[in-house]
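Residue-level structural notes
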Amino acid sequence: MPKSSVKKKRTANDNSDNNATGKPKKTKIGDPVQCITSRAELSRLWEPNNSCFKIISWNVNGIRALLKNHPSSLQDLLHSQNYPNVICLQETKLQEAHVEDKKLGLRRLLKNEGYESHWSCSTAKSGYAGTVIFIRTHEKIDVKKEGTVVQPQKNKGSLDSFLGIKSKNNEESGSSFSLVPLKNTQFISTEEVQIGLGKSKHDQEGRAITIHFPAFSLTALYVPNSGQKLERLDYRTKEWDVDLLTYMQEIESRRGVPVIWLGDLNVAHKRLDVYNDGAKHLLKQAGCTLAEKESFSRQLEAGYVDAFRALHPNAEGQYTYWSQRTFAREPNKGLRLDYFVCSENMMVCDNEHAVVRDSYMLFDVKGSDHCPIVLEIELK
């Protein structure tokens with residue numbers, strides 16, 4: 001087992017910009033406005049091995065637009081990240097009819113790469129919210145090369161390669177692939193997938209999917225935005241956030257294993273998570289209000305950890321969202337809105353189930369106003 005990169009138990013109170021209560025400092029009128037656009041270079045914290053469980057989360061800002069404008073984006077992501085175990089996408093902007101449409105073929109998305117998919121779509125309004133989880137269940141074998149595990153090949157001109165449609169190029173090359181079930185049972189989901197949080201007031205917009213593995217449970221989320229005029233701020237902080245915490249605590253208590261919730265959580269929690277923290281308009285900007293930050297702090301104080309910030313407490317310029325309207329990505333004028341939140345004991349090297357080893361962003365992956373984020377876990 002590699003030496004742990006975590007020296008001690010980390011909690012939500014370990015960040016350098018916390019005050020004594022562990023809550024984000026209040027921004028006062030007249031405080032200097034910071035401008036952090038340079039990005040810190042982060043070193044990898046461990047060398048992944050066969051017990052590595054990799055999770056990717058990405059707000060794609062419309063999956064049909066992504067596949068139309070960047071047809072090889074998901075396949076390239078698989079290739080560059082060596083078949084992650086789970087891929088969670090948010091803001092798919094689909095209805096159930098789109099998912100089931102045989103012509104669109106979304107049910108087959110990534111199937112021929114060894115993944116099964118679980119979709120949650122908005123029934124409240126069309127072209128809105130939505131989430132999907134892809135779980136790796138099989139590995140791809142080239143049967144003509146004596147069982148060699150196949151790496152995904154780039155095919156930038158076509159959707160066929162990850163919609164499960166056999167192309168003429170493959171036929172001509174004589175390739176013959178077979179999907180073989182994964183042998184490591186720790187990588188296999190153990191219970192029925194759960195859609196939603198179990199409350200009708202939250203479950204009309206396709207915002208939550210939960211899957212269970214032997215060592216932990218995982219909930220992929222697209223947390224409600226508080227709105228341009230903060231019209232949903234009270235709902236977000238006083239209802240959704242409260243019920244989400246209760247939901248995760250109940251799963252943790254019932255199964256007796258750690259939990260993870262992840263995705264676009266629509267909050268820039270700390271000063272280092274906002275490039276221009278201190279700007280007056282942020283006090284009334286969704287995702288940056290004190291109410292949202294304090295609500296997130298209360299969740300962490302209940303025994304959970306922002307994994308990235310625990311591993312990289314002082315890293316600057318590590319944002320996951322940039323406004324397309326203001327062309328903010330190139331100058332790195334962004335916010336960190338996407339997270340992996342883990343049970344506190346997952347940050348301790350002697351945890352009997354699983355240990356968080358690294359978390360980072362994939363800044364070079366384009367196609368959305370967000371970039372993907374990665375969590376690497378060592379299964380015990």
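None of the values given here were measured: they were computed from a predicted structure.

What counts and how
Residues numbered from 1 in each chain as written. Predicted model: local features only at pLDDT ≥ 70, side-chain atom pairs only at ≥ 80, totals over all residues. Heavy atoms only, no water. Buried < 20%, exposed > 50% of the residue type's maximum accessible area, 1.4 Å probe, protein only. Helix = DSSP H or I, 4+ residues; strand = E, 2+ residues; numbered from the N terminus. Salt bridge = Lys/Arg side-chain N within 4 Å of Asp/Glu carboxyl O. Pairing = 2+ DSSP bridges. Contact = heavy atoms within 4.5 Å. Axes fitted to C-alpha atoms, helices over the stretch in contact; angles between N-to-C directions. Polar contact = N/O pair within 3.5 Å; in protein donor to acceptor, adjacent residues only side chain to side chain. Core = buried A, V, L, I, M, F, W, Y, C linked by side-chain atoms within 4.5 Å. Expected span 1.5 Å × (residues − 1). Bend = angle between axes of the 7 residues up to and from the residue.

**Details of unusual backbone geometry**
Within the chain, Glu91 stands out as a residue other than glycine whose phi angle is a positive 55°. Residue classification places Glu91 among the buried residues on the basis of a relative accessible area of 14%. Despite not being glycine, Leu110 has its phi angle at roughly 65°, a positive value. Along the chain, the position of Leu110 falls in the loop between α3 (96-100) and β3 (115-120).

**A word on the pattern of salt bridges**
Going through the model one piece at a time under the given rule, you end up with 23 salt bridges. Put simply, Asp243 and Lys199 hold a salt bridge, and the shortest N to O gap is 3.4 Å. Note that Asp243 is positioned in helix α6 (residues 233-255) and Lys199 in the loop between β8 (194-195) and β9 (208-212), a separation of 44 residues in sequence. Taking the relative accessible area as the measure of exposure, Asp243 reaches 14% and is therefore buried. With its nearest N and O atoms 2.5 Å apart, the salt bridge here joins Arg336 to Asp306. Pair noted here: Arg336 is in the loop between β14 (334-335) and β15 (338-343) and Asp306 is in strand β12 (residues 304-306), with a separation of 30 residues, a long-range link. Like Asp306, Arg336 is buried. Each of Arg44, Lys54, Asp358 and Glu376 takes part in salt bridges that share partners, so that together they form one network.

**Things to note about the sheet that holds β9**
Read across the sheet, six strands follow the order β8-β9-β10-β11-β15-β12 without closing on themselves; strand pairing throughout is mixed. The open sheet is flanked by β8 and β12, the only strands paired with a single partner. Note: β8 against β9, two bridges, orientation antiparallel. Note that in β9 the partner of Gln194 across the bridge is Thr210. Strands in contact with helix α7 (residues 290-301) are β11 (259-264), β12 and β15; relative to β12, the strand with the most contacts, it is inclined by about 125°.

**So, the sheet that holds strand β4 (residues 131-136)**
Within the open sheet, the six strands sit side by side as β3-β4-β2-β1-β17-β16. Their pairing is mixed. Each of the sheet's edge strands pairs with one partner strand only, and the pair in question is β3 and β16 (354-361). With direction set aside, neighbouring strand axes in the sheet form an average angle of 15°. Bridge count between strand β1 (residues 52-59) and strand β17 (residues 373-379): six bridges; the pairing is antiparallel. In the strand pairing of β17, Cys52 is matched with Glu378. Together, β1, β2 (86-90) and β3 form the strand contacts of helix α2 (residues 73-80), whose direction differs from that of β1 by roughly 155°.

**Some words on the side chain of Asn332**
Within the secondary structure, Asn332 sits in the loop between β13 (321-322) and β14. There is a polar contact of 3.2 Å between the side chain of Asn332 and the backbone oxygen of Gly317. For Asn332, the contacting residues outside a window of four places in its chain are Ile36, Thr37, Ser38, Arg39, Tyr275, Gly317, Tyr319 and Trp322.

**Quick look at the nonpolar core**
Among the nonpolar cores identified, the biggest contains 43 residues, and Ile55, Phe216 and Ile377 are the most heavily contacted of them. Among all residues touching Ile377, those that are not within four sequence positions of it are Trp46, Ser51, Cys52, Phe53, Ile55, Phe216, Ile260, Met346, Ala354, Val355 and Arg357. Membership of the second largest hydrophobic core comes to 26 residues, among which are Ile63, Leu77, Cys121 and Val365.

**With respect to α7**
In a regular helix each residue adds 1.5 Å, so twelve residues correspond to 16 Å; α7 covers 16 Å between its end C-alpha atoms and thus fits that length. Taken together, the buried positions of α7 are occupied by Glu292, Lys293, Ser295, Phe296, Ser297, Gln299 and Leu300. Among the structural elements, α6, β11, β12 and β15 are those in contact with the buried residues of α7. Directly after α7, the chain includes Gly303, whose backbone phi takes a positive value near 115°.

**Some points on α6**
Counted at 1.5 Å a residue, the expected span for α6 with its 23 residues is 33 Å, and the 32 Å between its end C-alpha atoms agrees. Where α6 bends most, at Trp240, the angle is about 30°. In the segment just after α6, Gly256 is the residue with positive phi, at about 70°.

**A few points about the pairing of strand β10 (residues 217-222)**
The side chains of a regular strand alternate, first on one face of the sheet and then on the other. In terms of residue burial, β10 counts as a mostly covered element, since six of its six residues are buried. Because side chains alternate across β10, one face comprises the buried residues Ser217, Thr219 and Leu221, and the other comprises Leu218, Ala220 and Tyr222, equally buried. Pairing geometry for β9 and β10, over five bridges, is antiparallel. Along β10, the bridge assignment pairs His212 with Ser217. Linking two consecutive strands that pair antiparallel, namely β9 and β10, is a turn of four residues.

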